[in-house]
Amino acid sequence: MTARRGADSVAESRAVPAVQGGDVVVSPRGEALWAVTTLLLTLHSGAVPWRRALGSELGEADNHLWMWWRSSRWLVGQRGPWTDLPVGEALPLMDPAHLPPYLLGALIDPVVGWNLVAAWAVLLAMTGGRLLGRELGGPQAGPLAGTVAMVACGASPFLAGVIDFGITEAWGLGWLGLHAGLLLRFARTGRTRDALLAGLCLGALALTGAYAALFGLVAEVGLLLWALSRGGARRLPGLLAQGLLALLMALPLAWVTAGAAPAWQGRFHAPSPVPPPPRPDWRELPVFGTDLLNLLLPSWERVDPSKAVYLGLPVLLLAAWGLLRRPRQVGPLLLTAQALLLLALGPWPAVAGRPLGMPGPAWLLAQVPTLQGLSHWHRAVGLAVPLLAAAAGLGAASLGPRLRAPAAGALCGLLLLDGLLLGQTPWPRRSHPVDAPAVLLAAAALAPAQGPRGVIQLPFDNGRAMFSAEPARLYDRWQVHHGLPRAESYESRDTLLARSPLVAGWQAATGLPLTLPPEQRPPPAMRDRPPLTEPAAVVQEVRQLRAWGYGFVVLHPGRAPDAAAARAAVEASLGSGIEVEGEVLWTLPEG
């Protein structure tokens, strides 16, 4: 039995296609050193990781962290509703694959959970790149190809950008690297274990978000064809079985997401039937696809929040060299990556902001009714990253038979520096505080005596546009630490502003302009109302608020254009409030 296993192992080793001319120039110790260096430098922000969350505060970190926090509450039986009482928020968790590492870190603090998932995303990307590079490099060139691919994946400007932006649905690109490596290993060896793990990794990729599922399906077409050509028709049952496993894993999230789609209908816009006009902001805003030059041009400018899609010139040059030297291995990688990059250009590909005049593959996909609302086509770049990184690794291993460890280290250093410094994301990385204001912590301290009561924060955030010069979802951010249910809804019409004349009058008194999309605005009769002052009506409204689960009202004067008028309106209904560090807290009276 032992002799048979040894013979099989030797046969498998000989079956691995090695890159000609590559020497084993990276030791396990050197590879581990590059892994640690890449992980630490890629995430370095200069901030204490358990006090500040990685990423720009102008991006979407607040609502993504909030969704993980809300899910953690559900898991311990605290179902809520946590927002928009008494109706609640129907927004599903869009990336359940990230919940386990968050929960582990959240045992210490939600901020630790957030930063741990960011570290997990980089580690996963490095592991996926390493596995794919080693599988294609074989025993001779695998150590170098895997190490280069590992660094290129971990230091990817795209990954740094989506961490800065807080788009956690795009953090799982490492799953594709793992899936591709395992799928190709199964094609080579026929081991059931490899097919099973490949399916699990593909399913995990789909569970990081709808865009990842769609783009992963596109990549899977190329990978399956490659695996069939590598292993022959005898591998077809295993290839189909692993795909079925991934589909079964993804179906529950797909079902829930489809059920929540009506809440997002206002955001869905079919692509233009004709080329759009030139865009002067093509360098900074990849809505409906990124510009072709953004994939190729390094950037000294910093964008807040980052929208980096730069692929890295060293990565591309190494991949091109690998294609010349090893077309049978690098060619399928680049063809699959090319399909993803063409989708990333959106329905109307453009160069320097000017559409080329012909629709791209994304335009054809967007004709499918269920895909018409897609706008973040640039996220397809993420799944191209591990494929290009593996191609770069094979290119590095093909540079020559006398490549030595110092030269290999220089290549890894070049890739790391390019990723750290030449994308749109600043280095050291941005971070932001998540702590709630003292007035909300004071309300939370009173909550045990009041029962599980929610808080109405004034002003509602209706006047703050997304991605402006001010954070758009601060109430999401703060709830993670104060833990009280709250009124604000960021995904649908605010129930209180539609149903409570008392709260609608308070909101109007703050002087905050209404800039919500039409489907989220209060009914016309509830806008710009004068504050409710008739005593009997006020008492009735307060009773209703208590019945809906509210116990507190908080005024943030620094966020209200007319803070004095807002305070006077609330005091006319509830009397004097308690000042806490310049902000005001009222307790809704019983009765």
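One can find the structure itself at the top, above this paragraph.
What you see is a predicted model, and the numbers here were worked out from it, not measured in a lab.

### Let's talk about the side chain of Ser489
The residue Ser489 is located in the loop between helix H18 (474-482) and helix H19 (495-499) in this model. One polar contact links the side chain of Ser489 to the main-chain amide nitrogen of Glu491, over a distance of 3.5 Å. Ser489 has contacts with Asp84, Glu89 and Asp494, leaving out every residue within four places of it along the chain.

### Let's talk about unusual backbone geometry
Following Gly80, the chain continues to Pro81 via a peptide bond in cis, the omega torsion being 10 degrees. Here Pro81 shows up in the loop between helix H3 (61-75) and helix H4 (99-106). Backbone torsion omega between Asp304 and Pro305 reads -5 degrees, so that peptide bond is classified as cis. You can see Pro305 is positioned in the loop between helix H11 (292-296) and helix H12 (313-325). Even without being a glycine, Asp84 presents a positive backbone phi close to 55 degrees. Along the polypeptide, Asp84 turns up in the loop between H3 and H4.

### Topic: the packing of aromatic side chains
The full count for this structure, using the stated rule, is 9 aromatic pairs. The interplanar angle of 45 degrees and the centroid separation of 5.6 Å between the aromatic rings of Trp68 and Tyr102 together place this pair among those described as tilted. Of this pair, Trp68 sits in helix H3 while Tyr102 is found in helix H4, placing the two residues 34 residues apart along the sequence. By the burial criterion, Trp68 is buried, and Tyr102 matches it.

### Some remarks on the pairing of strand E6 (residues 550-555)
By the criterion of burial, E6 is predominantly enclosed, with 6 of the 6 residues buried. By the bridge criterion, 4 bridges tie E6 to strand E8 (residues 583-587) in an arrangement that is antiparallel. Pairing of Val553 across the sheet is with Trp586, part of E8.

### Focus: empty space enclosed by the protein
Summed over the entire model, instances satisfying the criterion amount to 5 cavities of 30 Å³ or more. Approximately 140 Å³ is the volume attributed to the largest cavity. The wall of the largest cavity is formed by 15 residues, among which Ala152, Ser156, Pro157, Leu311 and Val315 lie closest to the centre. When contributions to the lining of the largest cavity are tallied by element, the ones reaching two or more residues are helix H6 (157-165), helix H15 (380-397) and helix H16 (405-421). Of the residues belonging to the lining of the largest cavity, the class tally is 11 nonpolar, 3 polar and 1 charged.

### Here's the deal with a nonpolar patch on the surface
Together, Leu104, Leu107, Ile108 and Leu116 make up an exposed nonpolar region whose accessible area comes to about 450 Å². Within the secondary structure layout, Ile108 lies in the loop between H4 and helix H5 (110-154). The exposure class assigned to Ile108 is exposed, which follows from its relative accessible area of 67%.

What counts, and at which threshold
- Residues numbered from 1 in each chain as written.
- Predicted model: local features only at pLDDT ≥ 70, side-chain atom pairs only at ≥ 80, totals over all residues.
- Heavy atoms only, no water.
- Helix = DSSP H or I, 4+ residues; strand = E, 2+ residues; numbered from the N terminus.
- Polar contact = N/O pair within 3.5 Å; in protein donor to acceptor, adjacent residues only side chain to side chain.
- Contact = heavy atoms within 4.5 Å.
- Phe/Tyr/Trp six-rings, centres within 6.5 Å; stacked < 30°, edge-to-face > 60°.
- Buried < 20%, exposed > 50% of the residue type's maximum accessible area, 1.4 Å probe, protein only.
- Pairing = 2+ DSSP bridges.
- 1 Å grid on protein atoms, 1.4 Å probe; cavity = no way out; pocket = protein on both sides within 12 Å on 5 of 7 lines; lining within 4 Å.
- Points joined across faces, edges and corners; volume = space filled by probe spheres on them.
- Nonpolar A, V, L, I, M, F, W, Y, C, P; charged D, E, K, R; others polar.
- Patch = residues over 30% accessible without salt bridge, like charges linked within 9 Å, V, L, I, M, F, W, Y side chains within 5 Å.
- Areas by Shrake-Rupley, 256 points an atom, 1.4 Å probe, with all protein chains shown as cover.
- Salt bridge = Lys/Arg side-chain N within 4 Å of Asp/Glu carboxyl O.

In short, geometric facts, not functional conclusions.
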